[in-house]
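Next come the chains, spelled out residue by residue.
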Amino acid sequence: MKLQRKNRRALALGALAVSGALALTACGSDDTGKSNGGDASTPANAAKIDCGDASGQLQASGSSAQKNAIDAWVKQYTAACKNVQLNYNPTGSGAGVTAFLQGQTAFAGSDSALAPEEITESKKTACTDGGQAIDLPMVVGPIGVGYNVPGVDSLVLDAPTLAKIFDSKITNWNDAAIAKLNPDAKLPDLKIQAFHRSDESGTTDNFTTYLQAAAPDDWKYEPSKSWAAKGGQSASGSSGVAQQVTQTAGAISYMELSYVKGGMKAVKIKTDAPDPVEATVENATKSLTEAKVVGTGKDLALELNYTPKAEGAYPITLVTYEIVCDKGNKAETLPAVKSFLGYISSEDGQAQLTEAGYAPVPDELITQVRDTVKGLS
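Enquirer: Could you give me a rundown of the overall build of the protein, with the residues and numbers involved?
Expert: Scanning the protein from terminus to terminus reveals 11 helices and 14 strands. Accessible surface, the protein: about 14800 Å² in total, of which carbon and sulfur atoms supply 48%.

Structure follows, in structure tokens:
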């Protein structure tokens, strides 16, 4: 098992940009103060959402990997609740946690659990009344390695080869190491265009943790939210690297699986299992069954296994956490925070994830999340 790396980000962050935010008109109540009863235009599950006493504006930011999940949730949530305006800005995990620690947002999304020093800092800044920031696992998603190589419809790579590609040690698609893994493919004499994230990203943290765990001889960089290897090209956010791969022949990058579309295909990963493993929600779930809770108290940070040996277990999987104070949340935003997080952790909320290309959090763990959300103060 490999402990998910939790590296401190630089605290230089400008004002939270509302212009790039996903503005979500959300969460209101009927005359009873609870969720509405629905009407002909209301999605079927929306009537089950409890808006409670939530009202006002709710600012949040962070993980771009979970943006498609947020979109799926909001479709239901906005149909039921109308008195809260929720602005989620997919700035990346690093910027999102920084904004939260600086008191700019009510919660943050992060694809890496908080570092110990960030939890300590939260006691002095974001959380009052003796509270601290905690990690609530809410979204599970395989990190797809998307590629755009003309004429190659199926591609197998292993961790050492991936490490060399992203460290600029393998630079052409007909390299012998790639050809050995793909004896039936017609690999072109084409330069590899490897893209990485330019922003601080939990996806980068998870991907580089995988490379170090599965290819320690070939990946010498410490896992981090910031890209450390030399060379390559960069783009901001999951959507940014996805766009670059889609429009660039010879390109390859890592991103949450739901972004692997529009002319891209996902690499199959060779593990210690007999057959290469496809990047699917089901295969990510198989890998997550080996995760362990390593957080203390109400913190539900996980330890992931990046080198599974089980057949069909996809090794590059991330968990997106919602970062929130266990107590000491701002009184004006607490009702909306509990309402929204209560919905997305509910059975109906988690059921939205599969259609959006994600995996739900395992039952035993999501039950702990629900209990924790109810106790937020």
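Still to come is the rest of the account.
Enquirer: Please set out the pairing of strand S2 (residues 56–62) residue by residue, giving values where relevant.
Expert: The pairing of S2 with strand S3 (residues 84–89) spans six bridges and is parallel. Each bridged residue has a counterpart across the sheet, and for Ala60 the counterpart in S3 is Tyr88. For the crossover from S2 across helix H1 (residues 67–80) to S3, the handedness is right-handed.

Enquirer: Break down the environment of Leu376 for me, citing the residues and quoting the values.
Expert: Here Leu376 is to be found in the segment after helix H11 (363–374). The sequence separation of Leu376 and Pro335 amounts to 41 residues, and the corresponding C-alpha distance is 9.5 Å. Once residues within four sequence positions are removed from consideration, Leu376 is found in contact with Ile134, Val324, Cys325, Asp326, Asn329, Leu334, Val337, Lys338 and Leu341.

Enquirer: Describe in detail the pattern of salt bridges, supporting the description with residues and values.
Expert: Counting across every chain of the model gives seven salt bridges. The salt bridge partner of Lys164 is Asp218, with a shortest N-O separation of 3.9 Å. Placement of Lys164 in helix H4 (residues 159–166) and of Asp218 in the loop between helix H6 (202–214) and strand S8 (233–235) is noted, with a sequence separation of 54 residues between them. Judged by its relative accessible area of 31%, Lys164 is partly exposed. By relative accessible area, which is 24% here, Asp218 ends up partly exposed. Across the salt bridge formed by Asp199 and Arg197, the nearest N and O atoms sit 2.8 Å from each other. Residue Asp199 shares its accessibility class with Arg197, and that shared class is buried.

Enquirer: Describe the packing of H1 against helix H9 (residues 334–344), and please don't skip the residues or the numbers.
Expert: Axis separation between H1 and H9 bottoms out at 11 Å; the angle between their running directions is 110°. Here H1 is positioned roughly perpendicular relative to H9, judged by the angle of their axes. Where H1 abuts H9, its residues Ile70, Trp73, Gln76 and Tyr77 lie against Ala336, Ser339, Phe340, Tyr343 and Ile344. In terms of residue class, the contact of H1 with H9 is made up of seven nonpolar, two polar and no charged.

Cut-offs and rules
- Residues numbered from 1 in each chain as written.
- Predicted model: local features only at pLDDT ≥ 70, side-chain atom pairs only at ≥ 80, totals over all residues.
- Heavy atoms only, no water.
- Helix = DSSP H or I, 4+ residues; strand = E, 2+ residues; numbered from the N terminus.
- Areas by Shrake-Rupley, 256 points an atom, 1.4 Å probe, with all protein chains shown as cover.
- Pairing = 2+ DSSP bridges.
- Right-handed = clockwise from strand over helix to strand, strands pointing away.
- Contact = heavy atoms within 4.5 Å.
- Salt bridge = Lys/Arg side-chain N within 4 Å of Asp/Glu carboxyl O.
- Buried < 20%, exposed > 50% of the residue type's maximum accessible area, 1.4 Å probe, protein only.
- Axes fitted to C-alpha atoms, helices over the stretch in contact; angles between N-to-C directions.
- Parallel < 35°, antiparallel > 145°, perpendicular 65-115°, else oblique.
- Nonpolar A, V, L, I, M, F, W, Y, C, P; charged D, E, K, R; others polar.

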